[in-house]
Amino acid sequence: MNIRHDSYKHQGQRAQLINLLASNKITDKNVLLAMASVPRHLFLSKDFENRAYDDVALPIDEEQTISQPYTVAFQSQALEIKPGDKVLEIGTGSGYQAAILAQMGAEVYSIERIEKLYKMAKINLQPYLKNINLFLSDGTMGWPDNAPFDKIIVTAAAPKLPEILLEQLKPGGIAIIPIGSMKIQKMVLIKKSVDNKISQKELGDFRFVPLIGKDGW
Ligand code: SAH
């Protein structure tokens, strides 16, 4: 049983983090509100709890990481989330990013390839599971049974544009995917027009753990 909970101390630290994000070009109020309300420390082991509201990526199990809060805010903002959006996430990890999207009103479909993390995320995400569906699988193949999606977010580094995922994006949809080498990636914003034309824009350098799978590394 999870006996850890939120506290005034954590809420205060969270409020400071939100101020930092807001001064760093995160302007989507829904992103800021969601990040002010979801307790990031509950997605980390006790060892890292005291650093939960520093703007840094932190280790979770299996040599993976929970993304830096700025990165979570940046990707969430890029997706222009509207309530009811059907969002596919590749790389559940701790579940924190999925919780933020659910808190913003999205219906989330999140895929993780490592069983231990999938099980941990299921526990972490207990309060949000009404709006989040989890799947243990290779996310580079997408989730055909639930496609198409309004939005797609990849939270691991892809070596190239994952074509199968783009096929599962609705016309008018948006995808945000870090693409590059194992060491450093460009955040790529992809839009599919209503007549199915793909446009791409690079939004700066980021660092993610590798996307491992059939259409990944
Ligand atoms: N969004 C996560 C970040 C996790 S780090 C969070 O908020 O905590 C990236 C995750 O992607 C890791 O857990 C890794 O195991 C997972 N991953 C890597 N390749 C994958 C693939 N092909 N399919 C699904 N998950 C993958």
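Just above sits the structure.
First, a word on scope: everything that follows refers to the structure included in this document. (Residues numbered from 1 in each chain as written. Predicted model: local features only at pLDDT ≥ 70, side-chain atom pairs only at ≥ 80, totals over all residues. Heavy atoms only, no water.)

1. Side note on a nonpolar patch on the surface
Note the threshold: Each patch is built from residues lacking any salt bridge and having more than 30% relative accessible area; the joining distance is 9 Å for like charges and 5 Å for nonpolar side chains (Val, Leu, Ile, Met, Phe, Trp, Tyr). Surface accessibility in these figures is a Shrake-Rupley result with a 1.4 Å probe; residues are shielded only by whichever protein chains are displayed. Criterion for a salt bridge: a side-chain nitrogen of Lys or Arg within 4 Å of a carboxyl oxygen of Asp or Glu. A run of DSSP states H or I qualifies as a helix once it reaches four residues; a run of E qualifies as a strand once it reaches two. Both are numbered from the N-terminal end.
Taken together, Met182, Ile212 and Trp217 make up a surface patch of nonpolar side chains, about 280 Å² in accessible area. Residue position: Trp217 is located in the segment after β9 (198–206).

2. Considerations on the layout of surface pockets
To keep things clear, this is the line we draw: Using a 1 Å grid laid over the protein atoms alone, points where a 1.4 Å probe fits but cannot get out form a cavity; open sets with protein on both sides within 12 Å along at least 5 of 7 lines form a pocket; any residue with an atom within 4 Å of a point counts as lining. Grid points are joined across faces, edges and corners, and a volume is the space filled by probe spheres set on the points. Residues are grouped as follows: Ala, Val, Leu, Ile, Met, Phe, Trp, Tyr, Cys and Pro are nonpolar; Asp, Glu, Lys and Arg are charged; all remaining types, including Gly, are polar.
Here the largest pocket defines a volume of roughly 530 Å³. The wall of the largest pocket is formed by 35 residues, among which Thr65, Gly91, Thr155, Ala156 and Val209 lie closest to the centre. Only β2 (65–66), α3 (69–78), β3 (86–90), α4 (96–103) and β4 (107–112) provide two or more residues apiece to the lining of the largest pocket. Partitioned by chemical class, the residues of the lining of the largest pocket number 16 nonpolar, 14 polar and five charged. Each pocket or cavity is described by its volume, and for the second largest pocket that value is around 260 Å³. Lining the second largest pocket are 13 residues, and of these Arg4, Leu44, Ser45, Met120 and Asn124 sit closest to its centre. With three residues, the single largest contributor to the lining of the second largest pocket is helix α5 (residues 115–124).

3. Regarding the site of the ligand
Here is the rule: To be near a molecule or strand, a residue needs just one of its heavy atoms within 4 Å of it. Here a polar contact means two N or O atoms within 3.5 Å. Within protein one must be a hydrogen donor candidate and the other an acceptor candidate, and residues neighboring in sequence count only if both atoms are side-chain atoms. Whether a molecule sits in a cavity or pocket is decided by its atoms, more than half of which must lie within 2 Å of the grid points.
Close to the ligand lie 27 residues; Ser94, Glu112, Asp138, Gly139 and Ile212 are nearest. Residue Glu112 places a side-chain N or O atom 2.6 Å away from an oxygen atom belonging to the ligand. Contact between the ligand and Arg113: a nitrogen atom at 3.3 Å from a main-chain N or O atom of the residue. Because more than half of its atoms lie within 2 Å of the grid, the ligand is assigned to the largest pocket. Within the residue set of the shell around the ligand, elements represented by two or more residues are β2, β3, α4 and β4. Here the shell around the ligand is built from residues that sort into eleven nonpolar, twelve polar and four charged.

4. Remarks on the packing of aromatic side chains
Rules: Note on ring pairs: Phe, Tyr and Trp rings are taken, using the six-membered ring of Trp, and paired if centres are within 6.5 Å. Classes follow the plane angle, with under 30 degrees stacked, over 60 edge-to-face and the rest tilted. Each residue's exposure class comes from its accessible area (1.4 Å probe, protein chains only) as a fraction of the maximum for that residue type: buried when under 20%, exposed when over 50%, partly exposed otherwise.
Inspection of every chain in the model, using the stated rule, returns seven aromatic pairs. For the pair Phe43 and Tyr96, a centre-to-centre distance of 5.6 Å together with 75° between the ring planes defines the contact as edge-to-face. With Phe43 in the loop between α2 (29–37) and β1 (58–59) and Tyr96 in helix α4, this residue pair connects regions lying 53 residues apart in the sequence. Of the two residues examined, Phe43 and Tyr96, each falls in the buried class.

These results come straight from atomic positions and should not be treated as a statement about function.
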